[in-house]
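Fold and geometry: a report
Here is how the chains run, residue by residue.
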Amino acid sequence: MSPRVTKLLLPFAFSAEDREKAFTKEMELAAVFCLTESEREKGEGLLLKRPAEELIFIAEVCYPVWLAPWRGRRLLFDGVGATVHTISHDLLPDIKAFINDIQGSAETCEAYSAALSDNLSYFKGFAGKEEKTIEGLIASPDLVQDFISFLPEAKEIKKPILDKAFLSPIIDESEIASYIQELSNLRTTMAEDIKDLRESMKMLSVTTSEHVRALSEEIREVRKEFNEKIASVKTSVMKRVRGVQRKYDQKITTLSKKFDQRLHSLHQERVKLEKTRQHLTAKIERCEADITSCRLRKDEAGEQRRRQEIKEIKRERSILERSIKNMDKRIEDTEAAKKQEISKLRLEFNVQAEEAMKELREIEASRDAKIQMNLQKIQLLEDLTSTIVGLIDKLMRLKRAALHELDGMGISKRQRRYVLLYLPLYFSCYQKELKKRYVLYPPSVAGSMGILTRFKGVFGVAKIKSLLQSRSKPLTSLLNRLVTIVEHDPVFEREVNDAGIRVNILRTKESRERIKKGLEALKDEGWVSETEFQAFSDLLTKA
């Protein structure tokens, strides 16, 4: 290991916020001893007594975690290699093949449009996945966040510490350097993928814009060419149209005069009939006045004559009113016939006028068709390009998100050299016959004696089990893998056992006295009862 590596050590126990008294190292040792003894199988049984477990050692073991510099951040690596992180890398479709196909077909609009159509779904998804496994890399956001909160409490190790077993890192600096190089290579690949996608989008936009400009220029040329043709024939065409118009204006004028004469006669006849009706109405009024006079004179014969006269006049007026109604109908029919005949002449005029303008209409239709075709080509190119660019943009956003996730790994703090951070834990070994069993106590929070803890004592539950609580579930999950590794790797197990026996907290008289002192402090706080204190003290004496 390079002498330039900085070594840091975290404390095992942290005092809870509501804890008033300091939690001393002696109390820590005593608490772990009590918990270890509580976990030991005592060999109970009535008929078939099981053999009791023997406590081989209780050792404070320091678990190595590397802090490696990378792009202004600190990457965390599990020094024991119990952690493996797999990074999935999405593979892009062959961008060079796509660019070559598009650029090779970009000379003509038709070929370019066909190439876009063929490649419409080219970027619909990734071509596949590639997985890269980085041994030891700690990438869990929760665990990384816990390390961020723990690091300020770490102390630099400046001289050898003899009462702790420091596990040697299985993953060394050179391996970490190679893993970091793999991450750097992966990052370079991701950045190049994003660059290639961006260049593909730019190439499509530029090429489509060039074809759109060419088609727009062609539309302007078509308009110019056909407007000149239209101008050259428009004079003669309009002259023919005006000739047709004069002809039909004359016909309409003649027809209108003919109908107007007929209507004049009919209106004249109606006026006569109306005057006659007014005359008869006046006669009726005079007769009615005479009837009134006859009544005053009591001239019954005269009154009777006038009444008979009124009756005759009304009969005559009724006949006259029917004649007026018939006359109104004839006038109405004549006016309708006039409109219909004029409408027929206008229709004939429109047909002949359109025939006269046929040459001009054909030129305009040819112009509009060519313009419409080019506009459709422009729309098609823009739609195809927009679809492909949208798919590329989606892949690019996913790539950017993956790159952002990669860049966000670890801790956002710059460091220049490797740091080896040691996490303290207590590792206990029991043996029964030839079988060994291991129990691990992770970094913990030392709590205070609350109401619930006091109740546990009342119901016969050991209160000491409530004293130390795991400080971090993700960290505990990581450290618990140490037990599995020890159980499955005989070489590593032998190394851990040798180190554990060497730093066993029960090995020396001095350390046992420290534990007893801690027991007294735990008893004073109420974590162990007098009976428990005596029992644990006796065990210490026998150790």
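Residue numbering note: each chain is counted from 1, following its sequence as written. Where totals are concerned, whole chains, interfaces and linings use all residues; where local detail is concerned, this predicted model gives features only for residues with pLDDT of at least 70, and gives and counts side-chain atom pairs only at 80 or more. Hydrogens and waters are ignored; side-chain quantities use all the structure's heavy atoms.

1. Here's the deal with helix α12 (residues 530-542)
Between the first and last C-alpha of α12 there are 19 Å, a value that for 13 residues agrees with the 18 Å anticipated at 1.5 Å per step. Note on exposure labels: buried denotes an accessible area under 20% of the residue type's maximum, exposed denotes more than 50%, and partly exposed covers the range between, all computed with a 1.4 Å probe on protein chains only. Numbered from the N terminus, helices here are DSSP runs of H or I no shorter than four residues, and strands are runs of E no shorter than two. Every buried residue of α12 is listed here: Phe533, Phe536, Ser537 and Leu540. Projected down its long axis, α12 carries its buried residues within an arc of 105 degrees, all on one side. Residues of α12 that are exposed and angled more than 90 degrees away from the buried face: Thr531 and Lys542. We call two residues in contact whenever any of their non-hydrogen atoms come within 4.5 Å of each other. Elements that come into contact with the buried residues of α12 comprise α1 (25-39) and α11 (509-525). Between the first and last residue of a helix there are one fewer steps than residues, each counted as 1.5 Å, and that sum is the expected span. Working definition: the arc comes from the directions between the helix axis and the C-beta atoms, pointing outward to the latter.

2. What about the side chain of threonine 208?
Locating threonine 208 in the fold gives a position in helix α5 (residues 173-297). N or O atoms within 3.5 Å of each other form a polar contact, as long as, within protein, one can give a hydrogen and the other can take it, and as long as residues adjacent in sequence are counted only when both atoms are side-chain atoms. Of the polar contacts made by the side chain of threonine 208, one reaches the side chain of tyrosine 112; its length is 2.7 Å. For threonine 208, the residues in contact, after removing those within four places along its chain, are Tyr112, Leu381, Glu382 and Thr385.

3. Looking at the environment of serine 444
Mapped onto the elements, serine 444 comes out in strand β12 (residues 444-446). C-alpha separation for the pair serine 444 and leucine 425, spaced 19 residues apart in sequence, amounts to 8.9 Å. With residues up to four places along the chain from it excluded, the contact list for serine 444 reads Phe12, Ala13, Phe14, Leu468, Gln469, Ser470 and Arg471.

4. Topic: the sheet that holds β12
Strand pairing is defined by DSSP finding a minimum of two bridges between the two strands. Sheet architecture is open: 3 strands sit in the order β2-β12-β13, paired in mixed fashion. The open sheet has two free edges, formed respectively by β2 (13-15) and β13 (468-470), since each of these has just one partner strand. Between one strand and the next, the sheet's axes are offset by a mean angle of 35 degrees, whatever the strand orientation. Taken together, the 3 bridges between β12 and β13 define a ladder with antiparallel strand orientation. Its bridge partner being in β13, valine 445 is matched across the sheet by glutamine 469. Helix axes use the C-alpha atoms of the stretch in contact, all axes being lines fitted to C-alpha atoms, and the angles between their N-to-C directions lie in the range 0 to 180 degrees.

5. Topic: the layout of surface pockets
Volume-wise, the largest pocket comes out at about 390 Å³. Surrounding the largest pocket, 19 residues form its lining, His85, Ala402, Glu405, Leu406 and Met409 being those nearest its centre. For the lining of the largest pocket, the secondary structure elements donating two or more residues are β5 (84-91), α4 (141-150), α5 and α7 (358-407). Top contributing element to the lining of the largest pocket by residue count: β5, with 6 residues. Three residue categories are used. Nonpolar comprises Ala, Val, Leu, Ile, Met, Phe, Trp, Tyr, Cys and Pro, charged comprises Asp, Glu, Lys and Arg, and polar comprises the others, including Gly. Looking at the lining of the largest pocket, its residues break down into 9 nonpolar, 7 polar and 3 charged. Both cavities and pockets are sets of points on a 1 Å grid over the protein atoms alone; in a cavity a 1.4 Å probe fits but cannot get out, in a pocket the set is open with protein on both sides within 12 Å along at least five of seven lines, and lining residues sit with an atom within 4 Å of a point. Grid points are joined across faces, edges and corners, and a volume is the space filled by probe spheres set on the points. Considered as a void within the structure, the second largest pocket measures approximately 280 Å³ in volume. What lines the second largest pocket is a set of 14 residues, among which Asp163, Ile505, Thr508, Ser511 and Arg514 lie closest to the centre.

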